Amino acid sequence: MKVPFFDLKSQSLSLKNDIQSAIDEVFETQQFIMGPQVQTLEKTIAQYCQTQYAIGVASGSDALLLALMALGIGPGDEVIMPPFTFFATAGSVLRIGAIPVFVDIDSDTYNIDPTKIEEKITPKTKAIMPVHLFGQCADMDPILQISNAKQIPVIEDAAQALGSVYHPNSSSTGRRAGQMGNLGCFSFYPTKNLGAFGDAGMVVTNDPTLAEKVRLLRVHGSQPKYYHKWIGINSRLDTIQAAILLVKFRYLEKWTEARQRHAQKYGELFQDICSNVEALKLPAIQYQNRHIFNQYVIRVPKRDPLQKFLSEEGIGTDIYYPLPLHLQECLSFLNYRQGDFPVAEKASGETLALPIYPELTEAQQERVVDRIKTFYRNHGMLWR
């Protein structure tokens, strides 16, 4: 039995007729740029994230870039972020001439460690950019406390976390990813929980001034047409992508719940292995957060040989992320070295993402875990 890491084809085929109808509607109107579906999607995402505003943009990377631009961050400014994340988090900062300042991560959640932020703040610090990695919110309360005390804005990199909820308890339903900071940034890359048929992104905020600035910056800073208030970029969300996302949004909660069930099933299947292979650790959920499992990432001994073995058995996996940002060749000018962020470096050498898409079957999950058991049994690390 083969188990692909992603299975986008099954999902798309199940929605083929509805998606085709949505695309046909765009073709009939010929409003390919900023058509009415874009505004409808913006209202839908704003309501879902419990924010006042949402602005559709061309990609998740552009969402981060536009958020930084809206805050007026530029050359020489510093932005605090984790080194264990996708490159776009740092790349967006570098594109405007600002400097990423890294802070190590929490060993359980892989999100930025709030206890290490304050020591990195300088007079040049102009933003804090926590990443809600793999579908779980970063520990935002202490981050927001620092933000309020130091008057430093927060940009949430929520590219992997649409629908995640932070810190629910008996008296509160919690707060959604994207609504807690000054701006929240989402990606609709095809492999996200809500994925387009190409690149697409969204910026959310409760600040009307920031919302208006992002709205103008995505169209070259122009309002009215040919009159430019700011120097912006071309980052408009295509109408076709918005139409597709509106169809898929109707199923988002159902898909998220399926991912959560798969995560629970993995936990049951891994029980015997975890009790025997001490270094194997499953995803940790902090504060009973609503984790949406954009990825299901485990920490394992002998990670690279295990991945090779699983590939030979027809099981797809991926590594998020094999080299932390501070050790990337193109960032060598920042003068970080091996050992500067030991928690992130250790995670880069031990984490492995398993299949977690909604269409995954129980039999496929059993196959994945059975093969992992076989690997550790063959290496003398599992005796039953």
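Described in the following lines is the structure provided in the data block.

Scoring rules and cut-offs
Residues numbered from 1 in each chain as written. Predicted model: local features only at pLDDT ≥ 70, side-chain atom pairs only at ≥ 80, totals over all residues. Heavy atoms only, no water. Buried < 20%, exposed > 50% of the residue type's maximum accessible area, 1.4 Å probe, protein only. Helix = DSSP H or I, 4+ residues; strand = E, 2+ residues; numbered from the N terminus. Pairing = 2+ DSSP bridges. Right-handed = clockwise from strand over helix to strand, strands pointing away. Axes fitted to C-alpha atoms, helices over the stretch in contact; angles between N-to-C directions. Contact = heavy atoms within 4.5 Å. Salt bridge = Lys/Arg side-chain N within 4 Å of Asp/Glu carboxyl O. Phe/Tyr/Trp six-rings, centres within 6.5 Å; stacked < 30°, edge-to-face > 60°. Polar contact = N/O pair within 3.5 Å; in protein donor to acceptor, adjacent residues only side chain to side chain.

**What to know about the pairing of strand 2 (residues 78-81)**
Consideration 1: With burial as the criterion, each face of strand 2 is covered, one bearing E78 and I80 and the other bearing V79 and M81.
Consideration 2: Of the strand pairs in this sheet, strand 2 and strand 3 (residues 99-102) are connected by 4 bridges, and their pairing is parallel. Within strand 3, the residue paired with M81 across the bridge is F102.
Consideration 3: Following the backbone out of strand 2, through helix 5 (residues 88-95) and into the adjacent parallel strand 3, one traces a crossover that is right-handed.
Consideration 4: In the sheet, strand 2 pairs with strand 4 (residues 125-128) via 3 bridges, with the strands oriented parallel. Each bridged residue has a counterpart across the sheet, and for E78 the counterpart in strand 4 is T125.

**Things to note about the sheet that holds strand 4**
Consideration 1: Taken in spatial order, the 3 strands of this open sheet run 3-2-4, and their pairing is parallel. Strand pairing shows two members of the sheet lacking a second neighbour, strand 3 and strand 4, which therefore form its edges. Taken over all neighbouring pairs, the strand axes of this sheet differ in orientation by 30 degrees on average, direction set aside.
Consideration 2: Here helix 5 sits on the sheet and contacts strand 2 and strand 3; the angle it forms with strand 3, its principal contact strand, is near 145 degrees.

**Things to note about the pattern of salt bridges**
Consideration 1: The tally for this structure, following the rule as stated, stands at 17 salt bridges.
Consideration 2: Here E118 makes a salt bridge to K150, at a shortest N to O gap of 3.8 Å. Of this pair, E118 sits in the loop between strand 3 and strand 4 while K150 is found in helix 6 (residues 140-150), placing the two residues 32 residues apart along the sequence.
Consideration 3: R367 is the partner of E313 in a salt bridge, and the nearest nitrogen-oxygen pair spans 3.2 Å. Pair noted here: E313 is in the loop between helix 11 (303-312) and helix 12 (342-350) and R367 is in helix 13 (residues 362-378), with a separation of 54 residues, a long-range link.

**Here we look at the packing of aromatic side chains**
Consideration 1: Overall, the coordinates contain 20 aromatic pairs when judged by the stated rule.
Consideration 2: Taking the centre distance of 5.7 Å and the plane angle of 20 degrees together, the rings of Y251 and W255 count as stacked.
Consideration 3: Its relative accessible area of 23% is what places Y251 among the partly exposed residues.
Consideration 4: Between Y336 and F341 the ring centres are 5.3 Å apart and the planes differ by 55 degrees, which places this aromatic pair in the tilted class.

**Considerations on the side chain of N294**
Consideration 1: You can see N294 is positioned in the loop between helix 10 (271-276) and strand 10 (296-299).
Consideration 2: Polar contacts involving the side chain of N294 include one to the side chain of Q295, which spans 2.7 Å.
Consideration 3: Every residue in contact with N294, bar those within four places of it in the chain, is listed here: F134, G135, Q160, T191, K192, N193, R259 and I356.

**Regarding unusual backbone geometry**
Consideration 1: Residues Q223 and P224 are joined by a peptide bond in cis, for which omega reads -10 degrees.
Consideration 2: Secondary-structure assignment places P224 in the loop between helix 7 (208-217) and helix 8 (239-249).
Consideration 3: Phi angles above zero are rare outside glycine, and Q50 is one such case at about 60 degrees.
Consideration 4: With respect to the secondary-structure elements, Q50 resides in the loop between helix 3 (36-49) and strand 1 (53-57).
Consideration 5: Residue Q50 is classed as partly exposed on the basis of its relative accessible area, which comes to 43%.

**Things to note about the pairing of strand 10**
Consideration 1: Because side chains alternate across strand 10, one face comprises the buried residues Y296 and I298, and the other comprises V297 and R299, equally buried.
Consideration 2: As defined by bridge partners, strand 10 adjoins strand 11 (residues 351-354) across 4 bridges and the pair is classed as antiparallel. Note on strand 11: the bridge partner recorded for Y296 is L354.

**Here's the deal with the sheet that holds strand 8 (residues 183-187)**
Adjacent strands of a sheet form backbone hydrogen bonds with each other and so pair up, either parallel or antiparallel.
Consideration 1: Read across the open sheet, the 4 strands follow the order 1-9-8-5; overall the sheet is mixed. Single-partner strands in this sheet number two, and they are strand 1 and strand 5 (155-157). Sheet twist, expressed as the average angle between the axes of neighbouring strands with direction ignored, equals 20 degrees.
Consideration 2: Where strand 5 meets strand 8, 3 bridges bridge the pair, whose relative direction is parallel. When the bridges of strand 8 are listed, E156 appears paired with G184.

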